[in-house]
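One-letter residues, chain by chain:
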Amino acid sequence: MGPLSVALRNAVALFSDGVEPYTPTPSDIVYDEPHRRLLRYRRATPATGNPVLLVPPLAVTISCYDMRPSQSLVRFLLDLGREVYVIDYGEITYADRDLGFEEWVDDIVPTAIATVGADTEGAAVELIGWSFGGTMSVLTAAAHPDLPIGSVTAVGTPFDQRRNGQISLARRFGQLTGGREVTLPVRVAGGVPKYGVRAGFRIQSIDRELTKPWYIARNIADTEALARMQSVDRFMDTMPGYPGRFYRQAYRQLIIRNEMLKGTVHLRPDRAIDLTELIAPTQLIGGTKDALASSASVAAGVQVLTGAPEVRFTEVPGSHLGIIAGPAARDTTWATIADFLGSVRSSPGRRRRPADRASSAGLRAL
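Position labels on residues start from 1 in each chain and follow its written sequence. Given that this is a predicted model, residues contribute local features only at a pLDDT of at least 70 and side-chain atom pairs are listed and counted only at 80 or more, while totals for whole chains, interfaces and linings are drawn from all residues. Side-chain numbers here rest on the full set of heavy atoms in the structure, without hydrogens or water.

Enquirer: Can you walk me through the overall build of the chain in this structure?
Expert: Across its full length, the chain carries 16 helices and 12 strands. In summary, the chain has a C-alpha radius of gyration of 21 Å against a globular reference of 21 Å for 366 residues, a match within 12%. Judged by the C-alpha coordinates and their principal axes, the chain covers about 70 × 55 × 40 Å. Taken across its 366 residues, the chain has 53% of its residues classed as buried. A run of H or I in DSSP counts as a helix once it spans at least four residues, and a run of E counts as a strand once it spans at least two, with each numbered from the N terminus. As defined in this context, the radius of gyration uses C-alpha atoms, and a globule is described by 2.2 Å times the residue total to the power 0.38. The cut-offs for exposure are 20% and 50% of the maximum accessible area for each residue type, with area from a 1.4 Å probe on protein chains only; residues under the lower value are buried, those over the upper are exposed, and the others partly exposed.

Enquirer: I'm lost on the packing of aromatic side chains in this one. Help?
Expert: Within a pair of aromatic rings, the relevant descriptors are the distance that separates the centres and the angle that separates the planes. Two aromatic rings from Phe, Tyr or Trp, using only the six-membered ring of Trp, form a pair when their centres are within 6.5 Å; if the ring planes differ by under 30 degrees the pair is stacked, by over 60 it is edge-to-face, and anything between is tilted. On inspection of all chains with the given rule, the structure shows 10 aromatic pairs. With a centroid separation of 5.6 Å and 85° between ring planes, the pair formed by F132 and F246 is classed as edge-to-face. Linking F132 in helix α4 (residues 132–143) with F246 in helix α10 (residues 244–256), this pair joins segments that are 114 residues apart in sequence. Linked through ring pairs, Y89, F101, W104, F132, Y242, F246 and Y247 together constitute an aromatic cluster.

Enquirer: Teacher, can you tell me more about the nonpolar core here?
Expert: As a rule of thumb, soluble globular proteins bury nonpolar side chains together. Within the largest apolar cluster, 89 residues are counted, with the highest numbers of intra-cluster contacts made by L53, L54, L73, F101, F235 and L275. The element best represented in this core is helix α3 (residues 101–119), accounting for eight residues. The contact partners of L275, leaving out residues within four places of it in the chain, are V138, L139, A142, F159, M260, G263, V304 and L305. Core analysis: the next-biggest nonpolar cluster, separate from the first, contains six residues, L14, V19, L226 and M229 among them. We define the nonpolar core as a collection of buried residues of types Ala, Val, Leu, Ile, Met, Phe, Trp, Tyr and Cys that are connected through side-chain atoms lying within 4.5 Å of one another. What makes two residues a contact is simply this: any of their non-hydrogen atoms within 4.5 Å.

Enquirer: When you look at the environment of R82 in this model, what are you seeing that I'm missing?
Expert: Structurally, R82 is set in the loop between α2 (73–79) and β4 (84–88). For the pair formed by R82 and N50, sequence separation is 32 residues and the distance between their alpha carbons is 6.7 Å. Leaving out residues up to four positions away in the same chain, R82 has contacts with R43, A47, T48, G49, N50, V52, L77, E126, L341 and G342. Any N or O atom pair separated by 3.5 Å or less is treated as a polar contact, with the protein-specific requirement of one donor-capable and one acceptor-capable atom, and with residues adjacent in sequence counted only for side-chain atom pairs. At 3.0 Å, the side chain of R82 forms a polar contact with the backbone oxygen of N50.

This is the structure in structure tokens:
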């Protein structure tokens, strides 16, 4: 088919069913409960190494890890020989307004980890989370160090909001006002509805939206480029919302108070998580063009997670979504993940005794 025929076919497809149908990687349901459906992706051959549990952030679908066949971290991990699982939170509505970090950190994610461990004959579970999925992975591992966690990988997960561009401005303003300009409307609305999340994500990438007509015209005969573009549009068009309590906690504790950097996150007055309790090998990955989690804000976690036997930080090129699902992710972020997973022991880490932890703390102080 010549370039002109391809261009004509693509032009028609753009305004009908799209240039490429969405074909998610086949999976099976392990269990299905509200906001905590666990899926296991199908393998054609026996798995090797520890299983991987993908922890998505809220306000996106699990397609962030499986955008399209050539932009699928899921398929990449399957090709590495891993058993791969993901938690699907489903739709978030006004009825979910009271759900907070506690539901994920103390219930949803720990239950999935324990189930994956049991499903794979007691193997340690490698957690991989993007954006807030990385935050929840870090908090879960710190809050429950006895879980069979082999490692934690947090991609685009900020620890220091002072180094986070536009968010640092919102943080300073929130410190002056107490954050009521955000928390009060969110409380009244019961959260951030999906339409608000979708609009916000498009505003964050306003340059992409403004130049899209020119991009289409320039690439009308490039089916691959148009398929990538439409996969991002589809991703943004299916974003669910944030529960009210979760969003208020994220704004107050993580942004205004910068508690991820301070090392102790207070979910409630009687519920604090000490990040030095994370004792699994940890990898942090930051993007050079990430407007939501600057590379410097991610790298700050190296100084926070002092209880982990190893904390690696790697900077990769790309935006917030690009570093986990962009066309270059395979050779950058995913290759970094593969290298890290290959270095992790195949058995669950032993929970250190208090004396062990005291000794290591003393060594750090010398």
